Amino acid sequence: MTSENVSPPTASSPDGLAAVEREIARACKDAGRTRSSVTLVAVSKTFGAEAIAPVIAAGQRVFGENRVQEARAKWPGLMTAYPGLSLHLIGPLQSNKAKEAVALFDAIHSVDRPSVCQALAKEIAAQERRPQLFVQINTGEEPQKAGVAPGDADAFIASCREIYGLTISGLMCIPPVDEAAAPHFALTAKIAARNGLANLSMGMSADFATAIQFGATHIRVGSAIFGHRSPAA
Ligand SMILES: *Cc1c(COP(=O)(O)O)cnc(C)c1O
């Protein structure tokens, strides 16, 4: 057995997490991958500490939030209560929030603009913290969505490295809701490979098994673990 960074589901695990763990195990087996090659980021946005604590108790250690303000209100208390948690920012980042983001998050999945690169570089130097960084690719070229256009990705990744001195760990994508996800995962994997990037943040509740098949190293799963969010969220 390979070592696993997540405890196996137990009778006391929340049902959603246990079901997600079973499907991750199956997808890894089908793809000939080890469970430890996939990090489950449990997306807790809109849910409070009372919903999150049982998921921590069941062995989950990596969580994702899409808003800096919400995370700042919710997580410092949980992090004190449960040492060893890792918190990932999966939503858009404004450069004026870079200071708080670098202080709070262990990974940022949404690097997509020179102004954000510049702000991150400054804060990483000032705070001596090095969050894992992902460049978000807007694979569907949707105007309302954050991320770098696929055609601009190579130049953007190069500028992150050469102009801002950032260490980029991987790429992230959010496929359009009304399209098959697989071609978007394949495109993201291809851009990562040609830029020498090892990590792929892709796959959500509806499609994380497909994402694992296409090489996802980080899957961002919310509703399948925590249940449905209120539509206003
Ligand atoms: C909310 C969110 C998720 C999780 O979505 P689910 O469908 O609930 O699993 C993943 N990634 C991002 C960027 C999100 O904002």
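This text follows the structure it describes.
Residues numbered from 1 in each chain as written. Predicted model: local features only at pLDDT ≥ 70, side-chain atom pairs only at ≥ 80, totals over all residues. Heavy atoms only, no water.

1. A closer look at the pattern of salt bridges
Side chains carrying opposite charge are able to pair once their charged atoms draw close together.
Now for step 1: For the coordinates displayed, the defined rule picks out eight salt bridges.
Now for step 2: For the salt bridge of Arg72 with Glu100, the shortest nitrogen-to-oxygen distance reads 2.8 Å. With a gap of 28 residues between them, Arg72 in helix α3 (residues 68-81) and Glu100 in helix α4 (residues 98-104) connect regions that are remote in the sequence.
Now for step 3: Overall, the relative accessible area of 46% leaves Arg72 in the partly exposed class.
Now for step 4: Residues Arg129 and Asp106 are paired through a salt bridge, measuring 3.7 Å at the closest nitrogen-oxygen approach. (Salt bridge = Lys/Arg side-chain N within 4 Å of Asp/Glu carboxyl O. Helix = DSSP H or I, 4+ residues; strand = E, 2+ residues; numbered from the N terminus. Buried < 20%, exposed > 50% of the residue type's maximum accessible area, 1.4 Å probe, protein only.)

2. Considerations on α3
Now for step 1: With 14 residues, α3 extends 20 Å from end C-alpha to end C-alpha; this agrees with the ideal 20 Å at 1.5 Å per step.
Now for step 2: At Trp75, α3 shows its largest bend, some 40°, and a proline, Pro76, comes one to four positions later.
Now for step 3: Every buried residue of α3 is listed here: Val68, Ala71, Lys74, Trp75 and Leu78.
Now for step 4: In this fold, the buried residues of α3 make contact with α2 (49-57), β2 (62-65), β3 (86-89) and α4. (Expected span 1.5 Å × (residues − 1). Bend = angle between axes of the 7 residues up to and from the residue. Contact = heavy atoms within 4.5 Å.)

3. Quick notes on unusual backbone geometry
Now for step 1: Non-glycine residue Glu128 carries a positive phi angle of around 50°.
Now for step 2: When you line up the elements, Glu128 lands in the loop between α5 (114-127) and β5 (132-137).
Now for step 3: By relative accessible area, Glu128 is classed as exposed at 72%.
Now for step 4: A positive phi angle, near 45°, is found at Glu141, a position not held by glycine.
Now for step 5: Note that Glu141 resides in the loop between β5 and α6 (153-162).

4. Regarding the pairing of β5
Now for step 1: Among the six residues of β5, five are classified as buried, and the element is accordingly described as predominantly covered.
Now for step 2: Note that strand β4 (residues 107-111) and β5 share three bridges and pair parallel. In the sheet register, Val111 faces β5, and the bridge partner there is Val135.
Now for step 3: Taking the sense of rotation as the criterion, the β-α-β connection linking β4, α5 and β5 turns out right-handed.
Now for step 4: Taken together, the five bridges between β5 and strand β6 (residues 168-173) define a ladder with parallel strand orientation. (Pairing = 2+ DSSP bridges. Right-handed = clockwise from strand over helix to strand, strands pointing away.)

5. Examining the pairing of β2
Now for step 1: Here β2 shows two buried faces, one formed by Val62 and Gly64 and the other by Phe63 and Glu65.
Now for step 2: Regarding the hand of the β-α-β motif, the stretch spanning β2, α3 and β3 is right-handed.

6. Digging into the site of the ligand
Now for step 1: Within the structure, the ligand sits among Val43, Lys45, Ile90, Ile174, Met204, Ser205, Arg220, Val221, Gly222, Ser223 and Arg229.
Now for step 2: Here Lys45 contributes a side-chain N or O atom positioned 2.7 Å from an oxygen atom of the ligand.
Now for step 3: Arg229 is positioned such that a nitrogen or oxygen atom in its side chain is 2.8 Å from an oxygen atom of the ligand.
Now for step 4: The class makeup of the residues in the shell around the ligand is five nonpolar, three polar and three charged. (Near = heavy atom within 4 Å. Polar contact = N/O pair within 3.5 Å; in protein donor to acceptor, adjacent residues only side chain to side chain. Nonpolar A, V, L, I, M, F, W, Y, C, P; charged D, E, K, R; others polar.)

7. Looking at the packing of α2 against α3
Now for step 1: At their nearest, the axes of α2 and α3 sit 11 Å apart, and the two run at 40° to each other. Taken together, the axis directions place α2 and α3 in an arrangement best described as oblique. For the pair α2 and α3, the sense of crossing is right-handed. Touching Ala49, Ile52 and Ile56 of α2 are Lys74, Trp75 and Leu78, all from α3.
Now for step 2: Split by residue class, the contact of α2 with α3 holds five nonpolar, no polar and one charged. (Axes fitted to C-alpha atoms, helices over the stretch in contact; angles between N-to-C directions. Parallel < 35°, antiparallel > 145°, perpendicular 65-115°, else oblique. Left-handed = near helix turned anticlockwise from the far one by under 90°.)

Shape descriptors only; they carry no functional weight alone.
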